[in-house]
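If you want the building blocks of each chain, they are given just below.
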Amino acid sequence: MSTQRQPFFKSRPWISVMCIFGILLIGTGMINMAFQPDDTPTGLASLFISTGFVLTILSGFRLWKGEKIYMQDERTKRIGAYGLSWSWFLTFLVLFGVFWADYLHIWSPDAQMLSVILILLMGISAKGFQAYLFRKGDVD
Amino acid sequence: MQTRIKEFRAKRGLTQAELADLVGVRRETIVFLEAGKYNPSLRLAHQVAKALGTTIDTLFSFGDEGDYTVNEE
């Protein structure tokens, strides 16, 4: 009989901590934004809020779905790795596009905007690719 | 890839969840294995064959099998 132990970083208590940490990040970012002087840049606050949203949504989804579905076997590990690879490649292509858009003066995002785009793109695309592969069954 | 996992699992009276638990994978992995949509590692193929009391050869077959034997002169 197989009794695979759930790694600590995949366990429900740890995911709960991540969810709470995400909510705290959102709160901190919002308080920071609300109480800072008008002329202060909001880069750090929006980074906190964006990161908090990603953490809260991902960990909240995991808590809602339950631990069993996130048990890692060879198929989920393989799909996880491929999903991350595809996400990395997509991010690379987007960065390439942003570089040329900036170089040709078509669109020039500032560092704050670019950070938010990358944070969201990497997280969401990785999950999207993994969801697609899970439905497909395998990476081939 | 074609598999006879479903047939052997039925003979043993196991559900997909029970077989998954026996070999330490998720039930979905067994579902995709039975459908021939997932190409398992040698280790998993061995574990499934062992759990069903048969061999890898019996469980898995590939349609595009070529002749991989070495001709000894």
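The rules behind the values
Residues numbered from 1 in each chain as written. Chains lettered and ligands numbered in written order. Predicted model: local features only at pLDDT ≥ 70, side-chain atom pairs only at ≥ 80, totals over all residues. Heavy atoms only, no water. Helix = DSSP H or I, 4+ residues; strand = E, 2+ residues; numbered from the N terminus. Buried < 20%, exposed > 50% of the residue type's maximum accessible area, 1.4 Å probe, protein only. Areas by Shrake-Rupley, 256 points an atom, 1.4 Å probe, with all protein chains shown as cover. Axes fitted to C-alpha atoms, helices over the stretch in contact; angles between N-to-C directions. Parallel < 35°, antiparallel > 145°, perpendicular 65-115°, else oblique. Contact = heavy atoms within 4.5 Å. Nonpolar A, V, L, I, M, F, W, Y, C, P; charged D, E, K, R; others polar. Core = buried A, V, L, I, M, F, W, Y, C linked by side-chain atoms within 4.5 Å. Salt bridge = Lys/Arg side-chain N within 4 Å of Asp/Glu carboxyl O.

Draft legend 1. Expanded view of the overall build of chain B. Broken down by element type, chain B carries five helices and two strands. Burial analysis of chain B (73 residues in total) assigns 38% to the buried set. With the model as given, the accessible surface of chain B reaches about 4,700 Å², and the carbon-plus-sulfur share is 47%.

Draft legend 2. Main features of the packing of helix α2 (residues 43-65) of chain A against helix α4 (residues 111-136) of chain A. Residues and elements named next belong to chain A. It is at 9 Å that the axes of α2 and α4 come closest, and there the two elements cross at 10°. Accordingly, the angle class assigned to the pair α2 and α4 is roughly parallel. Contacts between α2 and α4 involve Gly-43, Ser-46, Leu-47, Ser-50, Thr-51, Val-54, Leu-58 and Arg-62 from the first element and Gln-112, Val-116, Ile-119, Leu-120 and Lys-127 from the second. Partitioning the contact of α2 with α4 into residue classes produces six nonpolar, five polar and two charged.

Draft legend 3. Inspection of the nonpolar core at higher detail. All names here are of chain B. Counting 19 residues, the largest nonpolar core has Ile-5, Leu-19, Val-23, Leu-33, Val-48, Leu-52 and Leu-59 as its most contacted members. Counting residues per element, this core draws most heavily on helix α4 (residues 42-51), at five residues. With residues near it in sequence (within four places) discarded, Ile-5 still touches Leu-19, Leu-33, Glu-34, Val-48, Leu-52, Leu-59 and Phe-60.

Draft legend 4. Molecular detail of the pattern of salt bridges. This model, assessed by the stated rule, comprises five salt bridges over all chains. Residue Asp-138 of chain A is joined to Arg-78 of chain A by a salt bridge in which the shortest nitrogen-to-oxygen separation is 3.3 Å. Placement of the pair is Asp-138 of chain A in the segment after α4 and Arg-78 of chain A in helix α3 (residues 74-103), with a sequence separation of 60 residues. Accessibility expressed as a relative area gives 3% for Asp-138 of chain A, which makes it buried. The class of Arg-78 of chain A is partly exposed, set by a relative accessible area of 24%. For Arg-9 of chain B, the salt bridge goes to Glu-34 of chain B, with nearest N and O atoms at 2.5 Å. Highlighted residues: Arg-9 of chain B in helix α1 (residues 5-12) and Glu-34 of chain B in helix α3 (residues 27-34), separated in sequence by 25 residues.

Draft legend 5. Summary view of unusual backbone geometry. Unusually for a residue other than glycine, His-105 of chain A sits at a positive phi of about 60°. By the secondary structure assignment, His-105 of chain A is in the loop between α3 and α4.

Draft legend 6. Broad picture of the environment of Gly-66 of chain A. All names here are of chain A. Here Gly-66 shows up in the loop between α2 and α3. By relative accessible area, Gly-66 is classed as buried at 15%. Residues Gly-66 and Arg-12, spaced 54 residues apart in sequence, show a C-alpha to C-alpha distance of 8.1 Å.

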